[in-house]
Each structure stands twice: as C-alpha cells, then as structure tokens.
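Coordinate inspection notes
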Amino acid sequence: VRPIESSTDNLLGRAFLLFQGPSSPFFTHLGHALQSQGASVTRIGFCPGDRLYWGRNAGAYLPYRGKQGNLPEFLDKVLVEKEITDLIMLGDGRSIHKTAIDAARRSGGRVQPWIVEHGYLRPGLVAIEPWGMGGRSLIPQLALETPYTPDEYNAPEPQPSSFLRYAALDVGYHVSNLALSWINYPNYRPHALDGPIREYSGWVMKALKRRQRRKAQQAAQAEIEATSGPIFLLPLQLETDYQIRDHGTGDPLQLTLGRIIASFANHAPQNARLVVKVHPLDNGLTPWAQLTSDTALEHRILDRVTFLDGGQIEQLLDIARGVVTVNSTVGLTSLIQQVPTHVMGKAVYKQDGLNDPQALDLFWQNPVKPDAARMRRFRDILQRDFHVAGSFDGPGALDGARNLALHLSAHPPTGT
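Residues numbered from 1 in each chain as written. Predicted model: local features only at pLDDT ≥ 70, side-chain atom pairs only at ≥ 80, totals over all residues. Heavy atoms only, no water.

What to know about the confidence of the model for the protein chain
Inclusion rule: Per-residue confidence from the prediction method is given by pLDDT, with values spanning 0 to 100. Here, residues are in contact when the closest pair of their heavy atoms is within 4.5 Å.
Averaged over the protein chain, the pLDDT score is 91; the fraction of residues at 70 or greater is 95%. This stretch, residues 1-6, has a pLDDT under 50; its non-local contacts, to residues over four places away or in other chains, come to 15 contacts.

Take a look at the structure:
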C-alpha cells in the first residue's frame with residue numbers, strides 16, 4: 001500500500017488505537033494518513049483478516065489471542081502504556097467494540113472513541129461520530145447545539161466506491177479467517193450472525209435464480225405502475241445489521257414485517273398499495289417474498305401488497321405517499337425528499353419535526369411531512385460535521401482516509 005506523502009503536525013501528541021475496520025485496506029490508508037500528520041498509530045488485530053489488510057509502516061500491530069473475558073484488562077493496559085488518546089472502530093455493535101468503548105469510559109475522559117461507518121448519507125461518504133451510532137448517537141443533541149447559517153454551508157463531495165472490489169476483499173478477509181484463525185487466533189469468534197460459508201451460499205443461490213428474480217421484479221413493477229391509489233414503501237433491512245439488532249423494535253424483523261402488514265390491512269385506504277422492497281445486500285437466505293405473501297394472504301390483502309426484489313429506491317420515493325421503516329438510511333433519504341416517514345426503531349433522524357409523530361395505525365390515513373427548514377438544517381449539519389468524502393474501497397479509499405485524518409485533526413478528544 002502506497003504511504004500518504006503529505007506531512008503536517010496537526011495530530012502531534014495524539015495516539016490512535018485502531019480496532020476492527022472494513023474488510024479492506026482502508027485502515028492501512030488511515031494509519032498512514034494519521035502518521036503523516038504526526039500521530040502515533042497502533043492496531044489491535046483479532047483475526048487473520050485484520051492482519052491481512054494491515055500494511056507495512058501503517059503503525060504498530062498488536063495481535064490479541066486471548067479470551068473475550070480477558071479483553072478489558074488487556075485494553076486498560078494498552079491504553080496506559082501507549083498513552084492512547086483516540087480509539088477508532090467500524091461500528092459500535094461488535095462485542096469487541098463495546099468493550100473498547102467501556103474502556104474509554106473508564107479512562108475518565110482521557111480517551112475518545114470514534115465510530116466510522118458507511119455514511120448515513122450515501123453513497124461516497126464515510127460517517128464519523130464520537131461514542132456511538134444509531135440509538136447511541138450524540139448527533140441529535142450535537143446538531144441542536146451547532147450554529148447553522150445556510151449560506152455558509154459547505155458539503156463534502158461524495159467519492160466513488162466499487163461494490164465488486166469490496167466483495168472480493170470481503171471474501172479474502174473471511175477465507176483467511178476460516179483457514180488460519182484456528183492456528184493464529186484460537187479464541188476468535190466472528191461477529192456476524194451468518195458465517196461466511198452460509199452467507200456466500202445465499203449469494204450463489206441468488207445468482208442462479210437471476211432470471212426468475214428478474215421476471216418477478218418486472219411483474220412487481222407492473223403492479224406498482226398500475227396502482228391508482230397511494231403507495232407506501234417498506235424498505236426491508238438486514239437482520240444481521242446492528243441497526244436492527246441493537247436499535248430496532250426489539251422484535252425479529254419477520255415479526256415487525258407482520259405487524260406492519262397487519263396495520264396496513266386494517267387502517268390504510270382501500271385503494272392503497274404497500275410495496276415491500278428487499279435490501280439490495282440481502283443474501284437471500286430468509287424467504288422474504290414468501291413471508292410477505294403469506295402474511296398478506298392471512299390478512300386478505302394479497303392484491304394490495306407487492307414484494308419488490310430490485311429496482312431503484314429513488315424512483316419509488318418519487319411516487320411514495322409515505323415510508324415505514326425500522327431505522328433504515330432510506331428513511332433519511334425519504335425525509336430529505338419530503339416524503340412522510342414513520343420510524344419504528346431508534347435512528348439519528350427520529351426527531352421532532354422530522355419523522356411522522358403519529359402511531360402507525362394513524363400514519364396510513366394522514367402521513368405528516370417533515371418540517372422543510374428543520375430537515376434542511378439537520379441534513380446540512382449531518383453532512384458537513386459528521387461525514388467526510390470517501391469510501392472504504394476502490395478509488396475513494398485513499399481520499400477517504402486523508403479526509404478522515406483531517407477531520408480528526410480538527411476535532412480533538414472532548415472527554416464526553
């Protein structure tokens with residue numbers, strides 16, 4: 001990996017400890033970028049995949065091969081010995097990362113955790129925020145306290161990414177873990193609910209059914225185009241996503257789907273249609289199409305519910321009367337487009353004046369649009385202060401790492 005050449009001392013005196021990141025060399029780029037600004041960098045690796053994508057000269061590498069129960073003591077020692085000021089990790093849902101955040105709290109404000117993720121505003125942006133995401137996010141509070149002048153707003157320009165490249169890197173990460181973790185990291189336990197073999201088998205089956213899925217998509221789109229009444233959209237999320245696991249309704253996603261269809265059957269206008277759209281990264285292991293049709297049939301509205309596997313979410317939002325979501329980023333996109341949105345879980349955009357405040361049963365009859373001025377203010381602050389241009393892979397990864405380092409140089413630890 002080519003080191004970043006520019007050099008400043010904006011991060012002089014800061015010591016960064018990196019945990020698990022994207023299954024790509026992005027954290028290597030970030031390590032170089034942080035060091036180029038004068039910071040010291042250490043990476044803790046928990047599996048062969050972490051080591052695979054940690055490049056030479058990106059920073060020190062500390063393998064952790066112990067048990068999960070011994071990790072707090074190990075972290076407390078590293079934080080002191082390395083004089084760590086900042087932690088960086090991908091998401092805050094993994095048990096490893098929750099343990100790291102707890103260690104930061106025990107430091108008494110000396111250590112600041114930073115959470116990075118795919119942007120709330122996608123694509124081509126990386127989200128960065130302190131202490132937590134989703135239901136644990138400080139963004140709603142910080143956004144309210146942030147001075148805002150629309151004329152001075154300056155948003156980062158999105159950077160390109162490559163899904164195929166990221167998928168190939170992901171395979172390399174997980175294959176190395178399957179092949180070598182039992183030797184080098186015997187106590188490693190993956191955070192995902194579906195193991196890589198099961199996950200990849202789902203994608204293979206989806207590929208084999210491509211022609212069948214294409215026909216079903218065309219039939220679903222024809223139903224949507226023929227609808228004369230209001231259209232409501234339910235974008236399904238990934239059951240394995242921590243936004244569902246940690247910040248959802250508390251129920252399995254299948255049960256939430258059933259509740260939404262039941263409410264629609266009993267309270268939506270008779271000429272309304274509910275479009276249930278599968279997540280584009282769904283591995284196909286859960287039979288969402290069958291579950292949707294079975295539930296719709298149970299409530300005698302099979303002719304008013306459409307399951308859509310594919311298509312562009314933007315086109316659906318252009319015609320949607322409303323969106324129901326647990327906490328998908330689609331909900332934020334719909335609010336930006338002034339589409340009334342009902343949020344069932346916890347989300348950074350679940351705020352007064354933004355999402356529809358009514359009970360779900362009332363939402364179908366009279367969905368409430370977001371306050372345009374509040375929505376613009378929140379979007380602008382979210383994009384300007386909590387996102388940087390870049391991606392975790394492809395041509396946007398180097399710029400993303402540089403921009404993230406620059407963002408961190410402008411945001412010293414707060415001890416919140």
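Let's talk about helix H13 (residues 329-336)
Basically, it comes down to this: Partly exposed residues are those whose accessible area sits between 20% and 50% of the maximum for their type, while under 20% is buried and over 50% is exposed, using a 1.4 Å probe and protein chains only. We count a stretch as a helix when DSSP gives it H or I for four or more residues in a row; a strand needs E for two or more, and each element gets its number in order from the N terminus. Each polar contact in these results corresponds to two N or O atoms within 3.5 Å; when the atoms are within protein, one needs to be able to donate a hydrogen and the other to accept it, and residues that are neighboring in sequence are counted only if both atoms are side-chain atoms.
Of the positions making up H13, those classed as buried are Val-330, Gly-331, Leu-332, Ser-334 and Leu-335. One side-chain oxygen at the N-terminal end of H13 lies 3.0 Å from the backbone nitrogen of Val-330; it belongs to Ser-328. Where H13 ends, the next residue or the one after it, Gln-338, has phi of about 65°, a positive value.

Focus on the layout of surface pockets
As a reminder, the rule being used: Think of a 1 Å grid over the protein atoms and nothing else: a 1.4 Å probe that fits but is trapped marks a cavity, an open set flanked by protein within 12 Å on at least five of seven lines marks a pocket, and residues with an atom within 4 Å of a point count as lining. Grid points are joined across faces, edges and corners, and a volume is the space filled by probe spheres set on the points. Each residue is assigned to one class: nonpolar for Ala, Val, Leu, Ile, Met, Phe, Trp, Tyr, Cys and Pro, charged for Asp, Glu, Lys and Arg, and polar for all the others, Gly among them.
Put simply, the second largest pocket is a space of about 700 Å³. Forming the walls of the second largest pocket are 31 residues, and the residues nearest its centre are Arg-213, Ala-289, Gln-290, Phe-307 and Asp-309. Those elements that provide at least two residues to the lining of the second largest pocket are helix H7 (196-208), helix H8 (210-225), helix H11 (288-298) and strand E9 (305-308). Here the element with the most residues in the lining of the second largest pocket is H8; it accounts for seven residues. Looking at side-chain class alone, the lining of the second largest pocket contains 14 nonpolar, eleven polar and six charged residues.

Some remarks on the environment of Asn-403
By secondary structure assignment, the location of Asn-403 is in helix H16 (residues 397-409). For the pair formed by Asn-403 and Val-388, sequence separation is 15 residues and the distance between their alpha carbons is 6.0 Å. Asn-403 has contacts with Val-388 and Ala-389, leaving out every residue within four places of it along the chain.

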